[in-house]
Amino acid sequence: MNVTLWIVAGLLAFAFALVGLMKVAKPKEELADGGMPWAADFSSGAVKAIGAVEVLAAIGLVLPALLDTATILVPLAATGLAVTMVGAAVVHARRKENSAIGLNVVLLALAVFVAWGRFGPHSF
């Protein structure tokens, strides 16, 4: 189970680091014209803040465990990402972007799995 948790945490970290860095690096107009139309409803600062939170959570999913320091940050990061995905699903539901909600639910489930495993029976 430990290996599965590592794999899931690594995949989540990779996905959120990429998407988060994109939100931080690109202007919101470019994101809104691309695959993130929701960005048009938010300020540029809010989009960048969401991206920064995602990048920090991605780091928190793997770095503390790799360094064997403050390992409680791993399940906390996973919990934060789960909350972020609930918020994302709400935004997509309000905008009637139903196709995006499925991905939010999958990422939510993976983040909850990591949080459950690292808070509970497979903590460090």
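This report concerns the structure included in the present document. These numbers come from a predicted model, not from an experiment.

Next up on the list: the side chain of Glu 54. Among the structural elements, Glu 54 can be located in helix α3 (residues 44-67). The class of Glu 54 is buried, set by a relative accessible area of 3%. In this structure, Glu 54 is in contact with Phe 16, Val 19, Gly 20, Lys 23 and Thr 84, ignoring residues within four places of it in sequence.

Let's shift gears to the packing of aromatic side chains. In this structure the tally under the stated criterion is two aromatic pairs. With 5.5 Å between their ring centres and 80° between their planes, Trp 38 and Phe 42 make a pair best called edge-to-face.

Under the criterion given, the structure shown has four salt bridges. A salt bridge links Lys 26 to Glu 30; the nearest nitrogen and oxygen atoms lie 3.7 Å apart. Look at Lys 26 and you get partly exposed, because its relative accessible area is 31%. Shared partners join several salt bridges into a network, and the residues in it are Asp 41, Arg 95 and Glu 97.

Turning our attention to the nonpolar core. Counting 20 residues, the largest nonpolar core has Leu 12, Phe 16, Leu 61, Leu 81 and Val 114 as its most contacted members. Residues in contact with Leu 81, not counting those within four places in the same chain, are Phe 16, Ala 57, Leu 61 and Ala 111. By size, the runner-up hydrophobic cluster in this structure holds six residues, among which are Leu 31, Trp 38, Ala 39 and Val 47.

Further remarks concern the packing of helix α1 (residues 2-25) against α3. Two numbers describe how α1 lies on α3: the axes approach to 7 Å, and their chain directions differ by 150°. Between α1 and α3, the angle is such that the two are roughly antiparallel. When you trace α1 past α3, the crossing you get is left-handed. A breakdown of the residues in the contact of α1 with α3 according to their chemical character gives 19 nonpolar, three polar and three charged.

What follows deals with the side chain of His 92. Tracing the sequence through the fold places His 92 in helix α4 (residues 73-94). Sequence-distant contacts of His 92, that is, excluding residues within four places in its chain, are made with Trp 38, Glu 97, Ala 100, Ile 101 and Asn 104.

About the cut-offs
- Residues numbered from 1 in each chain as written.
- Predicted model: local features only at pLDDT ≥ 70, side-chain atom pairs only at ≥ 80, totals over all residues.
- Heavy atoms only, no water.
- Helix = DSSP H or I, 4+ residues; strand = E, 2+ residues; numbered from the N terminus.
- Buried < 20%, exposed > 50% of the residue type's maximum accessible area, 1.4 Å probe, protein only.
- Contact = heavy atoms within 4.5 Å.
- Phe/Tyr/Trp six-rings, centres within 6.5 Å; stacked < 30°, edge-to-face > 60°.
- Salt bridge = Lys/Arg side-chain N within 4 Å of Asp/Glu carboxyl O.
- Core = buried A, V, L, I, M, F, W, Y, C linked by side-chain atoms within 4.5 Å.
- Axes fitted to C-alpha atoms, helices over the stretch in contact; angles between N-to-C directions.
- Parallel < 35°, antiparallel > 145°, perpendicular 65-115°, else oblique.
- Left-handed = near helix turned anticlockwise from the far one by under 90°.
- Nonpolar A, V, L, I, M, F, W, Y, C, P; charged D, E, K, R; others polar.

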